[in-house]
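Observations on the model geometry
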Amino acid sequence: MGHLRTLSVFLFFTFSVFSQNKKFTYTQFDVAFSIKGNPDRGETDLNGNTDNLWFLPDGLSSKIGYGIHHNKWVGLGIHSGIDWKWTDKLVVVPVFANLKLSPKIGDDTRITLQLGLGKAIALGRGDLMGDYKKISLGLQTADDLILFVEVSHYEIPINNQRDSYNINLGLSLVSF
């Protein structure tokens, strides 16, 4: 009986908090590209050209999510998408819960921290599947655009490696 009372108090509180705002859901769309360190940096080719690039592109990513939020400050959603990592010849579909914290740091600017946890399925690799984790840090504008840096981790054994990492730079559009 005590668990039922606790659940009903929680549901009442949750409904009261979210009913003050007419729309308490959000949709988020992300596009990003992966980068990796340049192993040939500083080397000179046969024509005498020196490679000075620190980073090289290493893949593309796109995700979409839907969830609930409170005053754009905190959000919880379910997200999925597709990540393509060129070096590992790996295409992954992550499905994950996403926690978003976006406190204001200015009149029209927010800093956004996102944490994701779920599963990832490798496409075209049989039944290859593993855990997925991500952390993202970004700046959100008044137009609800987020410019972010993200680190993704896939616990999928591929190419004699136990797991795989991505460093992504991207842009999100959030619709409240």
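To start, this report covers the structure provided alongside it. Everything numeric in this text was worked out from a predicted model, so none of it was measured. (Residues numbered from 1 in each chain as written. Predicted model: local features only at pLDDT ≥ 70, side-chain atom pairs only at ≥ 80, totals over all residues. Heavy atoms only, no water.)

1. Observations regarding the nonpolar core
Within the largest apolar cluster, ten residues are counted, these being Leu90, Val92, Phe96, Ala120, Ala122, Leu128, Tyr132, Tyr154, Ile156 and Ile158. Contributing elements (two or more residues each) for this core: β4 (90-101) and β5 (110-122). If sequence neighbours within four positions are ignored, Tyr154 has contacts with Asp83, Val92, Ala120, Asp131, Tyr132, Asp163, Ser164 and Asn166. By size, the runner-up hydrophobic cluster in this structure holds five residues, among which are Tyr26, Ala32, Ile146 and Val174. (Core = buried A, V, L, I, M, F, W, Y, C linked by side-chain atoms within 4.5 Å. Buried < 20%, exposed > 50% of the residue type's maximum accessible area, 1.4 Å probe, protein only. Helix = DSSP H or I, 4+ residues; strand = E, 2+ residues; numbered from the N terminus. Contact = heavy atoms within 4.5 Å.)

2. Quick word on the pattern of salt bridges
Side-chain pairs of opposite charge can arise where the charged atoms are in close proximity. Going through the model one piece at a time under the given rule, you end up with eight salt bridges. Note that Lys63 and Asp83 form a salt bridge whose closest N and O atoms lie 3.1 Å from each other. On the criterion of sequence distance, the pair formed by Lys63 in strand β2 (residues 55-70) and Asp83 in strand β3 (residues 74-85) is long-range, its members being 20 residues apart. Judged by relative accessible area, which is 2%, Asp83 ranks as buried. Across the pair Lys85 and Asp88 runs a salt bridge whose closest N-O atoms are separated by 3.4 Å. (Salt bridge = Lys/Arg side-chain N within 4 Å of Asp/Glu carboxyl O.)

3. Here we look at the environment of Leu147
Of note, Leu147 is situated in strand β7 (residues 145-154). Other than its neighbours up to four places away in sequence, Leu147 contacts Leu137, Gly138, Leu139, Gly170 and Leu171.

4. Re the side chain of Lys100
Secondary-structure assignment places Lys100 in strand β4. One buried charge, Lys100, has no salt-bridge partner; the nearest side chain with opposite charge is Asp144, at 7.2 Å. (Lys, Arg positive; Asp, Glu negative; His and termini not counted.)

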